Amino acid sequence: MKPHVTCLMMSSIDGGLHPSTWTDNPDAGRKEWSSIYEETHEALRGDAWLVGRITMAEMAKGTPHPPAVAGDVKRPFHFARKDAPVYAIGVDPGAKLHFKAPDIGGDHVVVLLGSGVSDSHLAELAGDGVSYIVSDSPAIDLRAALETLHSELGIERLLLEGGAGINGSFLAEGLVDEIYLLLAPAIDATGGQAIIAFEGGLKGKVQLSLQSAKAREHGVVALRYKVQSPG
């Protein structure tokens, strides 16, 4: 079994991902919209949240360093904690993430890695108190990783929170159960990264069914969709 996966994102009305490039609003701004996002994140009560490498790197803020404790490393997984209230999961097929601490805002870190990761990198993560799961292929088997997160850590509800590439990969593999989209009253218009991206598109792979539409504070609209696979 895998966890129930909710893709939670906020975008401008034209799908822009980065609030720094959005138009201004006369009644609210990024601070207020971010507050709504955080409130929604908490209300969904996820056991874990998951982001791609680039997003996680902005929070991890570490640099390569020798492992704190040398020794043998475990594959295919190592869990420094199995009792965390919430887990922060980063997808890192190329083993480029390094951490200053084993948690992000108190949420214990788990890294999903490809099979090519070196033992020295695993030793660094384990020495820093970071948990990890190593895939049996260079490209991460997302479904298998989710099943391990469920069976080993008891994760029942997972919030998928970007970036665009990891959102698209989860959708393409039929791993997303619902999309919860918060639309801010702003326009991006830069042609930059959207909230979902997948090479070749997702036509024929995903169908959406609107479950609810609700006006929130500060002009934000909350849209909730059930995700289904065609056929």
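A brief look at the structure comes next. (Residues numbered from 1 in each chain as written. Predicted model: local features only at pLDDT ≥ 70, side-chain atom pairs only at ≥ 80, totals over all residues. Heavy atoms only, no water.)

## Focus: helix H5 (residues 164-172)
Turning to H5, its buried residues number three or more, namely Ala164, Ile166, Asn167, Gly168, Phe170 and Leu171. Just beyond H5, the residue with positive phi is glycine 174, at close to 70°. (Buried < 20%, exposed > 50% of the residue type's maximum accessible area, 1.4 Å probe, protein only. Helix = DSSP H or I, 4+ residues; strand = E, 2+ residues; numbered from the N terminus.)

## Observations regarding the packing of aromatic side chains
Considering all chains together, one arrives at 2 aromatic pairs under this definition. With 6.0 Å between their ring centres and 45° between their planes, tryptophan 22 and tryptophan 33 make a pair best called tilted. A residue pair is termed long-range when its members are at least 10 positions apart, and tryptophan 22 in the loop between strand S1 (4-11) and helix H1 (30-44) and tryptophan 33 in helix H1 qualify at 11 residues. (Phe/Tyr/Trp six-rings, centres within 6.5 Å; stacked < 30°, edge-to-face > 60°.)

## Some thoughts on the environment of arginine 75
Checked against the element boundaries, arginine 75 lands in the loop between helix H2 (53-60) and strand S3 (77-78). Sequence-wise, arginine 75 and serine 137 are 62 residues apart; in three dimensions their C-alpha atoms are separated by 13 Å. Those residues in contact with arginine 75 that sit more than four places away from it in its chain are Ser115, Val117, Ser118, Asp119, Leu122 and Val134. Of the polar contacts made by the side chain of arginine 75, one reaches the backbone oxygen of valine 117; its length is 2.6 Å. A distance of 2.9 Å separates polar atoms of two side chains, one belonging to arginine 75 and the other to aspartate 119. (Contact = heavy atoms within 4.5 Å. Polar contact = N/O pair within 3.5 Å; in protein donor to acceptor, adjacent residues only side chain to side chain.)

## Some remarks on helix H4 (residues 142-153)
The terminal C-alpha atoms of H4 lie 16 Å apart, and with 12 residues this matches the ideal 16 Å at 1.5 Å per residue to within 8%. Considered for burial, the residues of H4 that qualify are Leu142, Ala145, Leu146, Thr148, Leu149, His150 and Leu153. At the N-terminal boundary of H4, the capping side chain belongs to aspartate 141, with an oxygen 3.3 Å from the backbone nitrogen of arginine 143. Just downstream of H4 lies glycine 154, where phi reads positive at about 70°. (Expected span 1.5 Å × (residues − 1).)

## Some thoughts on the side chain of aspartate 188
In this structure, aspartate 188 sits in the loop between strand S9 (178-183) and strand S10 (207-215). Buried and unpaired, aspartate 188 has arginine 30 as its nearest opposite-charge partner, separated by 9.8 Å. What aspartate 188 contacts, discounting residues up to four positions off in sequence, is Ser12, Asp14, Gly16, His18, Thr21 and Trp22. (Lys, Arg positive; Asp, Glu negative; His and termini not counted. Salt bridge = Lys/Arg side-chain N within 4 Å of Asp/Glu carboxyl O.)

## Things to note about the pairing of S9
In terms of residue burial, S9 counts as a mostly covered element, since 5 of its 6 residues are buried. As defined by bridge partners, S9 adjoins strand S11 (residues 221-228) across 6 bridges and the pair is classed as antiparallel. Within the sheet, the bridge partner assigned to isoleucine 179 lies in S11 and is tyrosine 225. (Pairing = 2+ DSSP bridges.)

## Digging into the environment of arginine 45
You can see arginine 45 is positioned in the loop between H1 and strand S2 (48-51). For the pair arginine 45 and leucine 159, spaced 114 residues apart in the sequence, the C-alpha separation amounts to 8.8 Å.

## Remarks on the pattern of salt bridges
Within this structure, the stated rule accounts for 8 salt bridges. Residue aspartate 119 is joined to arginine 75 by a salt bridge in which the shortest nitrogen-to-oxygen separation is 2.9 Å. Of the two residues, aspartate 119 sits in helix H3 (residues 119-127) while arginine 75 sits in the loop between H2 and S3, which places them 44 residues apart along the sequence. Residue classification places aspartate 119 among the partly exposed residues on the basis of a relative accessible area of 43%. Here arginine 75 falls in the partly exposed class, since its relative accessible area comes to 38%. A salt bridge links arginine 157 to glutamate 178; its shortest N-O distance comes to 3.8 Å. Of the two residues, arginine 157 is situated in strand S8 (residues 157-160) and glutamate 178 in strand S9; the sequence distance between them amounts to 21 residues. Since its relative accessible area comes to 29%, arginine 157 is described here as partly exposed. We classify glutamate 178 as buried; its relative accessible area is 10%.

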